[in-house]
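Read off the chains here:
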Amino acid sequence: MKITFWGAARTVTGSMHLIQTSGNRYLLDCGLYQGHRKEAAERNSEFPFPPSSIRGVILSHAHIDHSGNLPNLVKKGFGGPIYTTSATVDLCEAMLKDSAFLQEKDAAFLSKRHQRRKALDTATDNGVVQPLYTQEDAEKAMQQFEAVPLYTPKTLDAELGYESYDAGHILGSTAILLHYHENGKRIRVAYSGDAGRPNQSIIRDPDALPPVDYVIMESTYGDRLHQGLEAVAGKLADIVNRTCQRGGKIIVPAFAVGRTQQLVILLHELRNQNRIPSIPIFVDSPLAVDVTKIFRKHAECFDAETREYLLKGEDPFGFRNLRYVTEVGESKALNDLRGPFMIISASGMCEGGRILHHLKNSIEDPRNTVLVTGFMAENTLGRKIVEKMVEVPIFGEPVRLRAEVAKLNELSGHADQHELVEWVKPMAKELKKIFLVHGEPTQSAALAKVLTERYGVETVIPERGETVELA
Ligand SMILES: [Zn+2]
(Lines give C-alpha, C1' and ligand atoms only; values in the text may rest on other atoms or scores of the structure.)
Protein backbone atom coordinates (compact mmCIF):
# COMPACT_ATOMS: atom_id res chain seq x y z
CA MET A 1 0.00 0.00 0.00
CA LYS A 2 1.11 3.52 -0.76
CA ILE A 3 0.48 6.79 1.02
CA THR A 4 0.92 10.24 -0.49
CA PHE A 5 1.02 13.20 1.87
CA TRP A 6 -0.97 15.87 0.06
CA GLY A 7 -1.73 18.20 2.93
CA ALA A 8 -0.46 19.25 6.34
CA ALA A 9 3.00 18.21 5.13
CA ARG A 10 5.51 20.53 6.80
CA THR A 11 2.63 22.82 7.75
CA VAL A 12 -0.37 22.58 10.09
CA THR A 13 -3.40 23.04 7.85
CA GLY A 14 -5.05 21.27 4.92
CA SER A 15 -4.74 17.70 6.24
CA MET A 16 -5.17 15.24 3.37
CA HIS A 17 -3.40 11.91 2.83
CA LEU A 18 -4.04 9.62 -0.13
CA ILE A 19 -4.03 5.87 0.45
CA GLN A 20 -3.58 3.61 -2.57
CA THR A 21 -4.15 -0.11 -2.31
CA SER A 22 -3.75 -2.47 -5.25
CA GLY A 23 -7.14 -1.54 -6.62
CA ASN A 24 -8.57 1.42 -4.74
CA ARG A 25 -7.90 4.91 -3.47
CA TYR A 26 -9.04 6.48 -0.21
CA LEU A 27 -8.41 9.73 1.61
CA LEU A 28 -7.56 10.25 5.23
CA ASP A 29 -9.13 13.67 5.90
CA CYS A 30 -9.81 16.39 3.34
CA GLY A 31 -9.14 19.69 5.07
CA LEU A 32 -8.93 23.32 4.06
CA TYR A 33 -5.48 24.81 3.66
CA GLN A 34 -5.17 28.21 5.36
CA GLY A 35 -2.48 30.80 4.82
CA HIS A 36 -1.74 33.33 2.07
CA ARG A 37 -5.03 34.03 0.35
CA LYS A 38 -3.87 33.37 -3.21
CA GLU A 39 -1.94 30.23 -2.38
CA ALA A 40 -4.81 28.92 -0.27
CA ALA A 41 -7.32 29.54 -3.05
CA GLU A 42 -5.15 27.65 -5.55
CA ARG A 43 -4.40 24.72 -3.27
CA ASN A 44 -7.96 24.28 -2.11
CA SER A 45 -9.69 24.59 -5.46
CA GLU A 46 -7.78 21.92 -7.40
CA PHE A 47 -7.04 18.38 -6.22
CA PRO A 48 -3.80 16.64 -7.27
CA PHE A 49 -5.84 13.54 -8.25
CA PRO A 50 -9.25 13.09 -9.89
CA PRO A 51 -11.80 13.26 -7.01
CA SER A 52 -13.95 10.71 -8.85
CA SER A 53 -11.11 8.17 -8.45
CA ILE A 54 -11.48 8.19 -4.64
CA ARG A 55 -13.56 5.34 -3.28
CA GLY A 56 -14.08 6.66 0.24
CA VAL A 57 -12.89 9.17 2.83
CA ILE A 58 -12.09 8.43 6.47
CA LEU A 59 -12.49 11.61 8.47
CA SER A 60 -10.64 11.90 11.80
CA HIS A 61 -12.59 14.86 13.23
CA ALA A 62 -14.68 17.89 12.37
CA HIS A 63 -12.14 20.73 12.48
CA ILE A 64 -12.17 22.62 9.17
CA ASP A 65 -8.49 22.01 8.49
CA HIS A 66 -9.40 18.30 8.38
CA SER A 67 -12.95 18.36 6.93
CA GLY A 68 -13.28 21.73 5.20
CA ASN A 69 -12.57 20.73 1.61
CA LEU A 70 -15.05 17.82 1.51
CA PRO A 71 -17.81 19.88 -0.17
CA ASN A 72 -15.36 20.80 -2.93
CA LEU A 73 -14.27 17.16 -3.29
CA VAL A 74 -17.92 16.19 -3.78
CA LYS A 75 -18.51 19.12 -6.15
CA LYS A 76 -15.54 17.96 -8.25
CA GLY A 77 -16.85 14.42 -8.64
CA PHE A 78 -16.30 12.36 -5.48
CA GLY A 79 -19.37 10.17 -4.97
CA GLY A 80 -18.28 7.76 -2.24
CA PRO A 81 -18.97 7.53 1.48
CA ILE A 82 -17.35 9.71 4.17
CA TYR A 83 -16.82 7.57 7.27
CA THR A 84 -16.62 9.19 10.70
CA THR A 85 -18.24 9.22 14.16
CA SER A 86 -21.82 10.30 14.75
CA ALA A 87 -20.74 13.39 16.74
CA THR A 88 -18.45 14.40 13.86
CA VAL A 89 -21.32 14.03 11.38
CA ASP A 90 -23.42 16.45 13.45
CA LEU A 91 -20.54 18.88 13.92
CA CYS A 92 -19.71 18.84 10.19
CA GLU A 93 -23.32 19.61 9.34
CA ALA A 94 -23.02 22.91 11.24
CA MET A 95 -19.39 23.62 10.39
CA LEU A 96 -19.33 22.92 6.66
CA LYS A 97 -22.45 25.03 6.16
CA ASP A 98 -20.83 27.83 8.14
CA SER A 99 -17.61 27.44 6.14
CA ALA A 100 -19.61 27.65 2.88
CA PHE A 101 -21.37 30.76 4.12
CA LEU A 102 -17.98 32.39 4.82
CA GLN A 103 -16.68 31.33 1.38
CA GLU A 104 -19.73 32.85 -0.30
CA LYS A 105 -19.37 36.11 1.64
CA ASP A 106 -15.65 36.28 0.89
CA ALA A 107 -16.21 35.69 -2.84
CA ALA A 108 -18.89 38.39 -2.96
CA PHE A 109 -16.53 40.83 -1.19
CA LEU A 110 -13.69 40.09 -3.63
CA SER A 111 -15.95 40.36 -6.67
CA LYS A 112 -17.13 43.76 -5.52
CA ARG A 113 -13.54 44.90 -5.02
CA HIS A 114 -12.58 43.67 -8.49
CA GLN A 115 -15.47 45.56 -10.01
CA ARG A 116 -14.50 48.76 -8.20
CA ARG A 117 -10.91 48.43 -9.41
CA LYS A 118 -12.14 47.73 -12.90
CA ALA A 119 -13.89 51.08 -12.89
CA LEU A 120 -10.53 52.78 -12.18
CA ASP A 121 -8.21 50.61 -14.21
CA THR A 122 -9.30 48.94 -17.41
CA ALA A 123 -6.33 46.57 -17.31
CA THR A 124 -7.64 44.83 -14.18
CA ASP A 125 -9.20 41.46 -14.71
CA ASN A 126 -12.93 41.74 -14.18
CA GLY A 127 -13.55 38.11 -13.32
CA VAL A 128 -16.31 37.45 -10.83
CA VAL A 129 -14.83 35.47 -7.95
CA GLN A 130 -16.63 32.17 -7.34
CA PRO A 131 -16.79 30.71 -3.83
CA LEU A 132 -14.79 27.52 -3.30
CA TYR A 133 -18.15 25.92 -2.54
CA THR A 134 -21.64 27.00 -1.62
CA GLN A 135 -24.01 26.09 1.20
CA GLU A 136 -25.79 23.87 -1.31
CA ASP A 137 -22.53 22.01 -2.02
CA ALA A 138 -22.02 21.56 1.72
CA GLU A 139 -25.52 20.11 2.10
CA LYS A 140 -24.85 17.74 -0.78
CA ALA A 141 -21.61 16.51 0.82
CA MET A 142 -23.47 15.80 4.06
CA GLN A 143 -25.57 13.17 2.29
CA GLN A 144 -22.42 11.09 1.78
CA PHE A 145 -21.53 10.92 5.48
CA GLU A 146 -21.83 7.55 7.18
CA ALA A 147 -21.55 7.27 10.98
CA VAL A 148 -19.27 4.49 12.25
CA PRO A 149 -19.02 4.03 16.06
CA LEU A 150 -15.65 3.92 17.85
CA TYR A 151 -13.86 0.53 18.09
CA THR A 152 -16.11 -0.98 15.40
CA PRO A 153 -14.19 -2.67 12.56
CA LYS A 154 -15.27 -1.26 9.21
CA THR A 155 -14.45 -3.18 6.03
CA LEU A 156 -13.71 -0.90 3.10
CA ASP A 157 -12.81 -3.55 0.51
CA ALA A 158 -11.21 -7.01 0.33
CA GLU A 159 -7.82 -5.59 1.38
CA LEU A 160 -8.49 -2.61 3.60
CA GLY A 161 -10.44 -1.93 6.77
CA TYR A 162 -10.18 0.36 9.77
CA GLU A 163 -11.39 1.04 13.28
CA SER A 164 -11.35 4.28 15.19
CA TYR A 165 -10.26 5.19 18.72
CA ASP A 166 -10.99 8.26 20.82
CA ALA A 167 -8.36 10.92 20.06
CA GLY A 168 -9.32 13.07 23.06
CA HIS A 169 -8.93 16.22 20.91
CA ILE A 170 -12.48 17.54 20.36
CA LEU A 171 -15.97 16.06 20.56
CA GLY A 172 -16.14 13.03 18.25
CA SER A 173 -12.43 13.13 17.36
CA THR A 174 -10.68 9.91 16.41
CA ALA A 175 -7.36 8.28 15.72
CA ILE A 176 -7.61 5.77 12.88
CA LEU A 177 -6.14 2.27 12.77
CA LEU A 178 -5.91 0.95 9.21
CA HIS A 179 -5.60 -2.80 8.53
CA TYR A 180 -4.27 -3.81 5.16
CA HIS A 181 -4.09 -7.42 3.93
CA GLU A 182 -2.38 -8.44 0.72
CA ASN A 183 -1.06 -11.86 -0.29
CA GLY A 184 -1.27 -13.10 3.27
CA LYS A 185 0.65 -10.10 4.58
CA ARG A 186 -0.75 -7.72 7.14
CA ILE A 187 0.15 -4.06 7.57
CA ARG A 188 -1.19 -1.92 10.39
CA VAL A 189 -1.03 1.87 10.13
CA ALA A 190 -2.11 4.29 12.85
CA TYR A 191 -3.10 7.85 11.96
CA SER A 192 -3.30 10.25 14.89
CA GLY A 193 -5.66 12.76 13.33
CA ASP A 194 -5.07 15.52 15.87
CA ALA A 195 -3.68 13.96 19.04
CA GLY A 196 -5.55 15.24 22.08
CA ARG A 197 -4.54 15.65 25.71
CA PRO A 198 -5.36 13.81 28.89
CA ASN A 199 -7.49 15.67 31.47
CA GLN A 200 -9.10 18.12 29.07
CA SER A 201 -12.48 19.30 30.23
CA ILE A 202 -15.66 17.78 28.73
CA ILE A 203 -14.23 15.01 26.55
CA ARG A 204 -12.57 11.71 27.39
CA ASP A 205 -8.81 11.14 27.43
CA PRO A 206 -7.05 9.81 24.33
CA ASP A 207 -7.25 6.01 23.93
CA ALA A 208 -4.16 3.82 23.81
CA LEU A 209 -3.83 2.10 20.43
CA PRO A 210 -2.53 -1.47 19.96
CA PRO A 211 0.92 -2.15 18.41
CA VAL A 212 1.23 -1.15 14.73
CA ASP A 213 3.79 -1.21 11.90
CA TYR A 214 3.61 2.46 10.93
CA VAL A 215 2.45 5.67 12.57
CA ILE A 216 1.40 8.87 10.83
CA MET A 217 1.14 11.53 13.49
CA GLU A 218 0.68 15.21 14.07
CA SER A 219 3.44 17.38 15.52
CA THR A 220 1.81 20.80 16.12
CA TYR A 221 3.48 21.23 19.52
CA GLY A 222 6.43 18.95 18.76
CA ASP A 223 8.93 21.04 20.73
CA ARG A 224 6.74 22.44 23.52
CA LEU A 225 5.52 21.36 26.91
CA HIS A 226 2.14 22.59 28.14
CA GLN A 227 1.56 23.55 31.74
CA GLY A 228 -0.86 21.58 33.86
CA LEU A 229 -4.52 22.52 33.81
CA GLU A 230 -4.51 24.04 37.31
CA ALA A 231 -1.80 26.47 36.22
CA VAL A 232 -4.01 27.35 33.25
CA ALA A 233 -6.96 28.24 35.47
CA GLY A 234 -4.69 30.51 37.51
CA LYS A 235 -3.28 32.15 34.41
CA LEU A 236 -6.74 32.73 32.97
CA ALA A 237 -7.94 34.22 36.26
CA ASP A 238 -4.93 36.61 36.27
CA ILE A 239 -5.62 37.75 32.72
CA VAL A 240 -9.30 38.37 33.46
CA ASN A 241 -8.56 40.17 36.73
CA ARG A 242 -5.90 42.54 35.44
CA THR A 243 -7.95 43.45 32.34
CA CYS A 244 -10.97 44.14 34.58
CA GLN A 245 -8.84 46.40 36.78
CA ARG A 246 -7.96 48.45 33.70
CA GLY A 247 -11.65 48.59 32.78
CA GLY A 248 -10.82 46.83 29.53
CA LYS A 249 -12.42 44.21 27.33
CA ILE A 250 -11.09 40.71 26.74
CA ILE A 251 -11.40 39.57 23.15
CA VAL A 252 -10.91 35.86 22.63
CA PRO A 253 -10.58 34.40 19.16
CA ALA A 254 -11.53 30.75 19.63
CA PHE A 255 -12.46 27.81 17.49
CA ALA A 256 -16.24 27.42 17.67
CA VAL A 257 -15.73 23.74 18.34
CA GLY A 258 -13.92 22.61 21.43
CA ARG A 259 -12.03 25.66 22.58
CA THR A 260 -15.12 27.81 23.10
CA GLN A 261 -16.88 25.14 25.18
CA GLN A 262 -13.71 24.47 27.22
CA LEU A 263 -13.25 28.15 27.96
CA VAL A 264 -16.87 28.45 29.01
CA ILE A 265 -16.49 25.55 31.45
CA LEU A 266 -13.26 26.95 32.86
CA LEU A 267 -14.77 30.42 33.32
CA HIS A 268 -17.81 28.80 34.93
CA GLU A 269 -15.56 27.07 37.46
CA LEU A 270 -13.51 30.22 38.16
CA ARG A 271 -16.69 32.19 38.70
CA ASN A 272 -18.10 29.49 41.03
CA GLN A 273 -14.88 29.69 43.06
CA ASN A 274 -15.13 33.48 43.11
CA ARG A 275 -11.70 33.81 41.51
CA ILE A 276 -12.89 36.22 38.80
CA PRO A 277 -15.38 39.09 39.02
CA SER A 278 -18.89 38.63 37.74
CA ILE A 279 -18.43 40.28 34.34
CA PRO A 280 -20.64 39.72 31.30
CA ILE A 281 -19.31 37.04 28.96
CA PHE A 282 -20.58 36.85 25.39
CA VAL A 283 -20.13 33.90 23.08
CA ASP A 284 -20.61 35.74 19.81
CA SER A 285 -20.77 33.12 17.13
CA PRO A 286 -23.85 31.51 15.62
CA LEU A 287 -21.70 28.48 14.89
CA ALA A 288 -20.56 28.15 18.51
CA VAL A 289 -24.20 28.27 19.56
CA ASP A 290 -25.13 25.48 17.15
CA VAL A 291 -22.08 23.50 18.16
CA THR A 292 -22.85 23.87 21.86
CA LYS A 293 -26.28 22.34 21.11
CA ILE A 294 -24.50 19.43 19.39
CA PHE A 295 -22.27 19.00 22.45
CA ARG A 296 -25.36 18.67 24.63
CA LYS A 297 -26.69 15.98 22.27
CA HIS A 298 -23.54 13.83 22.44
CA ALA A 299 -23.12 13.07 26.12
CA GLU A 300 -21.70 9.67 25.03
CA CYS A 301 -18.44 11.52 24.26
CA PHE A 302 -18.19 13.19 27.70
CA ASP A 303 -15.77 12.33 30.47
CA ALA A 304 -16.91 11.31 33.96
CA GLU A 305 -16.71 14.86 35.43
CA THR A 306 -18.90 16.40 32.76
CA ARG A 307 -21.45 13.59 33.08
CA GLU A 308 -21.54 14.27 36.81
CA TYR A 309 -22.20 17.95 36.15
CA LEU A 310 -25.14 16.94 34.00
CA LEU A 311 -26.41 14.45 36.57
CA LYS A 312 -26.45 17.18 39.22
CA GLY A 313 -28.74 19.09 36.88
CA GLU A 314 -26.12 21.77 36.19
CA ASP A 315 -25.60 22.97 32.66
CA PRO A 316 -21.84 23.06 32.09
CA PHE A 317 -22.25 25.29 29.03
CA GLY A 318 -24.46 27.93 30.62
CA PHE A 319 -24.36 30.17 33.72
CA ARG A 320 -25.44 33.60 34.88
CA ASN A 321 -23.57 36.39 33.04
CA LEU A 322 -22.97 34.15 30.04
CA ARG A 323 -24.86 35.07 26.89
CA TYR A 324 -24.90 33.35 23.54
CA VAL A 325 -25.22 35.89 20.73
CA THR A 326 -26.64 34.84 17.37
CA GLU A 327 -28.18 37.99 15.81
CA VAL A 328 -25.93 40.35 13.83
CA GLY A 329 -27.60 43.36 15.45
CA GLU A 330 -26.84 42.10 18.90
CA SER A 331 -23.23 41.41 17.88
CA LYS A 332 -22.85 44.98 16.58
CA ALA A 333 -24.35 46.38 19.78
CA LEU A 334 -21.35 44.94 21.65
CA ASN A 335 -19.25 47.64 19.94
CA ASP A 336 -20.90 50.31 22.08
CA LEU A 337 -20.70 48.42 25.35
CA ARG A 338 -18.18 49.64 27.92
CA GLY A 339 -15.82 47.25 29.69
CA PRO A 340 -15.03 45.20 31.53
CA PHE A 341 -16.50 42.24 29.70
CA MET A 342 -15.40 39.31 27.56
CA ILE A 343 -16.24 38.32 24.00
CA ILE A 344 -15.44 34.82 22.74
CA SER A 345 -15.83 34.67 18.98
CA ALA A 346 -14.69 32.76 15.88
CA SER A 347 -12.70 32.23 13.75
CA GLY A 348 -9.91 30.75 15.82
CA MET A 349 -7.06 32.03 13.62
CA CYS A 350 -8.85 35.37 12.95
CA GLU A 351 -9.20 34.58 9.25
CA GLY A 352 -12.84 35.61 9.03
CA GLY A 353 -16.07 35.84 10.96
CA ARG A 354 -17.26 38.23 13.66
CA ILE A 355 -13.98 38.22 15.58
CA LEU A 356 -12.58 40.60 12.96
CA HIS A 357 -15.07 43.34 13.91
CA HIS A 358 -14.33 42.90 17.60
CA LEU A 359 -10.57 43.02 17.02
CA LYS A 360 -10.85 46.09 14.81
CA ASN A 361 -12.91 47.76 17.50
CA SER A 362 -10.64 46.84 20.42
CA ILE A 363 -6.97 46.37 19.69
CA GLU A 364 -6.03 50.05 19.54
CA ASP A 365 -6.93 50.50 23.23
CA PRO A 366 -4.16 49.42 25.66
CA ARG A 367 -6.74 48.70 28.38
CA ASN A 368 -8.01 45.74 26.36
CA THR A 369 -6.61 42.22 26.06
CA VAL A 370 -6.56 39.83 23.15
CA LEU A 371 -6.49 36.36 24.65
CA VAL A 372 -5.00 33.79 22.29
CA THR A 373 -6.11 30.25 23.11
CA GLY A 374 -4.90 28.16 20.22
CA PHE A 375 -2.26 27.63 17.58
CA MET A 376 -2.06 30.40 14.97
CA ALA A 377 -0.78 29.19 11.60
CA GLU A 378 1.83 31.17 9.65
CA ASN A 379 0.50 34.13 7.67
CA THR A 380 -2.84 34.31 9.48
CA LEU A 381 -4.01 37.49 11.22
CA GLY A 382 -3.94 35.53 14.48
CA ARG A 383 -0.22 34.87 14.03
CA LYS A 384 0.46 38.57 13.38
CA ILE A 385 -1.30 39.40 16.65
CA VAL A 386 0.64 36.74 18.59
CA GLU A 387 3.87 38.14 17.16
CA LYS A 388 2.74 41.59 18.40
CA MET A 389 3.26 43.40 15.14
CA VAL A 390 2.92 47.17 15.60
CA GLU A 391 0.22 47.27 12.95
CA VAL A 392 -1.97 44.46 11.70
CA PRO A 393 -4.23 44.44 8.63
CA ILE A 394 -7.95 44.02 9.32
CA PHE A 395 -10.38 44.25 6.38
CA GLY A 396 -7.46 45.41 4.26
CA GLU A 397 -6.60 48.38 6.50
CA PRO A 398 -3.75 48.75 8.98
CA VAL A 399 -4.83 48.89 12.65
CA ARG A 400 -2.42 49.71 15.49
CA LEU A 401 -2.04 46.88 17.96
CA ARG A 402 -1.83 48.46 21.43
CA ALA A 403 -3.91 46.00 23.45
CA GLU A 404 -2.25 43.41 25.65
CA VAL A 405 -1.76 40.07 23.92
CA ALA A 406 -2.00 37.14 26.34
CA LYS A 407 -1.47 33.50 25.42
CA LEU A 408 -3.06 30.41 26.91
CA ASN A 409 -1.56 27.62 24.78
CA GLU A 410 -2.43 25.08 27.45
CA LEU A 411 -6.08 25.21 26.48
CA SER A 412 -5.05 23.79 23.17
CA GLY A 413 -6.63 20.48 22.27
CA HIS A 414 -3.25 19.35 20.91
CA ALA A 415 -0.88 17.10 22.82
CA ASP A 416 2.50 18.60 23.75
CA GLN A 417 5.85 16.93 23.07
CA HIS A 418 5.73 14.70 26.12
CA GLU A 419 2.13 13.66 25.47
CA LEU A 420 2.89 12.92 21.81
CA VAL A 421 5.84 10.72 22.77
CA GLU A 422 3.69 8.88 25.33
CA TRP A 423 0.91 8.41 22.76
CA VAL A 424 3.31 6.35 20.63
CA LYS A 425 4.36 4.08 23.52
CA PRO A 426 1.65 1.37 23.35
CA MET A 427 2.17 1.10 19.57
CA ALA A 428 5.96 1.03 19.65
CA LYS A 429 6.82 -2.65 20.06
CA GLU A 430 6.87 -3.60 16.36
CA LEU A 431 6.99 -0.14 14.92
CA LYS A 432 8.96 0.25 11.65
CA LYS A 433 8.64 3.93 10.89
CA ILE A 434 6.95 7.14 12.00
CA PHE A 435 5.82 9.86 9.60
CA LEU A 436 5.35 13.31 11.09
CA VAL A 437 2.74 15.60 9.60
CA HIS A 438 0.66 18.59 10.80
CA GLY A 439 3.56 20.62 12.16
CA GLU A 440 5.78 23.50 11.17
CA PRO A 441 9.29 22.27 10.30
CA THR A 442 11.00 23.23 13.60
CA GLN A 443 8.26 21.55 15.66
CA SER A 444 8.34 18.35 13.60
CA ALA A 445 12.15 18.18 13.62
CA ALA A 446 12.28 18.50 17.42
CA LEU A 447 9.71 15.74 17.86
CA ALA A 448 11.45 13.48 15.32
CA LYS A 449 14.65 13.71 17.34
CA VAL A 450 12.96 12.79 20.62
CA LEU A 451 10.96 9.93 19.08
CA THR A 452 14.03 8.41 17.45
CA GLU A 453 15.98 8.61 20.70
CA ARG A 454 13.17 7.15 22.77
CA TYR A 455 11.99 4.30 20.53
CA GLY A 456 14.92 3.82 18.15
CA VAL A 457 12.52 4.11 15.23
CA GLU A 458 13.23 5.97 12.02
CA THR A 459 11.10 9.12 12.02
CA VAL A 460 10.65 11.11 8.83
CA ILE A 461 8.97 14.39 7.90
CA PRO A 462 7.53 13.90 4.42
CA GLU A 463 7.25 16.73 1.92
CA ARG A 464 4.01 17.67 0.25
CA GLY A 465 3.29 15.24 -2.58
CA GLU A 466 5.80 12.66 -1.32
CA THR A 467 4.69 9.05 -1.77
CA VAL A 468 5.85 6.21 0.46
CA GLU A 469 5.38 2.51 -0.06
CA LEU A 470 4.47 0.63 3.12
CA ALA A 471 5.42 -3.02 3.14
ZN1 LIG B 1 -8.21 19.52 15.15
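Predicted model only: the values in this text are computed from it and were never measured. (Residues numbered from 1 in each chain as written. Predicted model: local features only at pLDDT ≥ 70, side-chain atom pairs only at ≥ 80, totals over all residues. Heavy atoms only, no water.)

Peer 1: Please give an account of the sheet that holds strand S12 (residues 249–253) that cites residues and values.
Peer 2: Reading across from one edge, S14-S13-S15-S12-S16-S19 is the order of the six strands in this open sheet, with parallel pairing throughout. A single partner strand is all that each edge strand has here, and the edge strands are strand S14 (322–325) and strand S19 (404–407). On average, adjacent strands in this sheet sit at an angle of 20° to one another, irrespective of strand direction. As paired elements, strand S16 (residues 369–372) and S19 share four bridges and run parallel to each other. (Pairing = 2+ DSSP bridges. Helix = DSSP H or I, 4+ residues; strand = E, 2+ residues; numbered from the N terminus. Axes fitted to C-alpha atoms, helices over the stretch in contact; angles between N-to-C directions.)

Peer 1: Any details on the coordination of the zinc ion? Residues and values, ideally.
Peer 2: His-61 (NE2), His-63 (ND1), His-169 (NE2) and Asp-194 (OD) make up the full set of protein donors to the zinc ion, lying at 2.2 Å. Angles of 90 to 164° at the metal separate the four donor atoms of the zinc ion, which places the site in the irregular class. Counting residues between consecutive donors of the zinc ion along the chain gives the motif H-x1-H-x105-H-x24-D. Linking His-169 in the loop between strand S8 (160–166) and strand S9 (174–182) with Asp-194 in the loop between strand S10 (185–191) and strand S11 (214–218), this pair joins segments that are 25 residues apart in sequence. With respect to burial, His-169 and Asp-194 carry one shared label: buried. (Donors = N, O, S within 2.8 Å, 3.2 Å for Na, K, Ca; no water. Tetrahedral: all angles 85-135°; square planar, octahedral: opposite > 155°, others 65-115°. Buried < 20%, exposed > 50% of the residue type's maximum accessible area, 1.4 Å probe, protein only.)

Peer 1: Tell me about the pairing of strand S15 (residues 341–345), and name the residues and values.
Peer 2: S15 sits mainly inside the fold: five of its five residues count as buried. A two-sided burial pattern is seen for S15, the buried positions comprising Phe-341, Ile-343 and Ser-345 on one face and Met-342 and Ile-344 on the other. Note that S12 and S15 share five bridges and pair parallel. Considered in S15, the bridge of Lys-249 is made with Phe-341. Bridge count between strand S13 (residues 281–284) and S15: four bridges; the pairing is parallel. Looking across to S15, one finds that Ile-281 is bridged to Met-342.

Peer 1: Residue-level account of the sheet that holds strand S21 (residues 458–460), with values.
Peer 2: With respect to topology, seven strands assemble into an open sheet ordered S7-S8-S9-S10-S11-S20-S21, the strand pairing being mixed. With partners counted over all chains shown, the strands left at the sheet margins are strand S7 (154–155) and S21, one partner each. Here S9 pairs with S10 via seven bridges, running antiparallel. Bridge pairing in S10 places Leu-178 opposite Val-189. Packing of helix H13 (residues 417–424) onto the sheet brings it into contact with S9, S10, S11 and strand S20 (433–437), and relative to S11 it is tilted by some 160°. This element, helix H14 (residues 441–455), spans S11, S20 and S21 of the sheet and lies at about 160° to S20. (Contact = heavy atoms within 4.5 Å.)

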